[in-house]
Amino acid sequence: IFTLRSEITTKQNILEKLENKIDNTVNLREQKDQNLLTFQKMEKLFPRDKNFSLMMSNIEALANKYDYEVKSMGFTENTENLDLDLNHLAPTNLNFSISGSQQNLVPFMQELESFPNSPTIRQVSFTNETDENGRKFYSLGVLIYHNEASNE
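Structure report, in brief. Being a predicted model, the structure only gives us computed values, none of them experimental.

The rules we used
- Residues numbered from 1 in each chain as written.
- Predicted model: local features only at pLDDT ≥ 70, side-chain atom pairs only at ≥ 80, totals over all residues.
- Heavy atoms only, no water.
- Phe/Tyr/Trp six-rings, centres within 6.5 Å; stacked < 30°, edge-to-face > 60°.
- Helix = DSSP H or I, 4+ residues; strand = E, 2+ residues; numbered from the N terminus.
- Buried < 20%, exposed > 50% of the residue type's maximum accessible area, 1.4 Å probe, protein only.
- Expected span 1.5 Å × (residues − 1).
- Arc of directions from axis to C-beta.
- Contact = heavy atoms within 4.5 Å.
- Pairing = 2+ DSSP bridges.
- Axes fitted to C-alpha atoms, helices over the stretch in contact; angles between N-to-C directions.

**Quick word on the packing of aromatic side chains**
Here is step 1 of the chain: Applying the stated rule across the entire model yields six aromatic pairs.
Here is step 2 of the chain: Judged by centre distance (5.1 Å) and plane angle (20°), the ring pair of phenylalanine 52 and phenylalanine 75 falls under stacked. In this pair, phenylalanine 52 sits in the loop between helix H1 (2–45) and helix H2 (53–65) while phenylalanine 75 sits in strand S1 (residues 69–77), placing the two residues 23 residues apart along the sequence.
Here is step 3 of the chain: Its relative accessible area of 6% is what places phenylalanine 52 among the buried residues.

Encoded structure:
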């Protein structure tokens, strides 16, 4: 009888631990499902594959809003040591040129820096030359981020 009681107690403990593990697994699954949309949005804001198409289309839309025309856009690796702890985020340089009115430049830049992926304008240059429509040319250097975490 004592041996049976001991075995029953041991099996009850094991059963209780298994039930706790199942409950924890179910809870983690529910949390994952609840946060999946957030994770998907983060992937678009800070892409792992350096696919900045969302950023590019947002800049194009912003340029149109302020009556600018995007002339060129390119990305380069940022090799500068920023001395920042960004966890799995790594900086990338976005350089683009636009043409348009000088009066819209400050609101354009303010709205650009308010994008949810935290771009930082690091350089602005312009020329006094104008195009056939009398629009000036501006070049902007912007620091953006991509996710360096593995896809595991």
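**Examining H2**
Here is step 1 of the chain: Across its 13 residues, H2 extends 18 Å between first and last C-alpha, which sits within 8% of the 18 Å expected from 1.5 Å per residue.
Here is step 2 of the chain: Those residues of H2 that sit buried are Met55, Ile59, Leu62 and Ala63. Buried residues along H2 cover an arc of 100° about the axis, so they all sit on one side.
Here is step 3 of the chain: Where H2 is buried, its residues meet S1, strand S2 (89–100), helix H3 (105–113) and strand S4 (136–147).
Here is step 4 of the chain: Two residues or fewer after H2 comes aspartate 67, characterised by a positive phi angle close to 60°.

**Brief notes about the sheet that holds strand S3 (residues 120–130)**
Here is step 1 of the chain: Read across the open sheet, the four strands follow the order S1-S2-S4-S3; overall the sheet is antiparallel. Lying at the two open borders of the sheet, with one neighbouring strand each, are S1 and S3. Adjacent strand axes in the sheet meet at a mean angle of 20°, parallel and antiparallel pairs treated alike.
Here is step 2 of the chain: Docked against the sheet, H2 engages S1, S2 and S4, running at close to 150° with respect to S1.
Here is step 3 of the chain: Where H3 meets the sheet, its contacts fall on S2, S3 and S4, and the angle it forms with S3 comes to roughly 155°.

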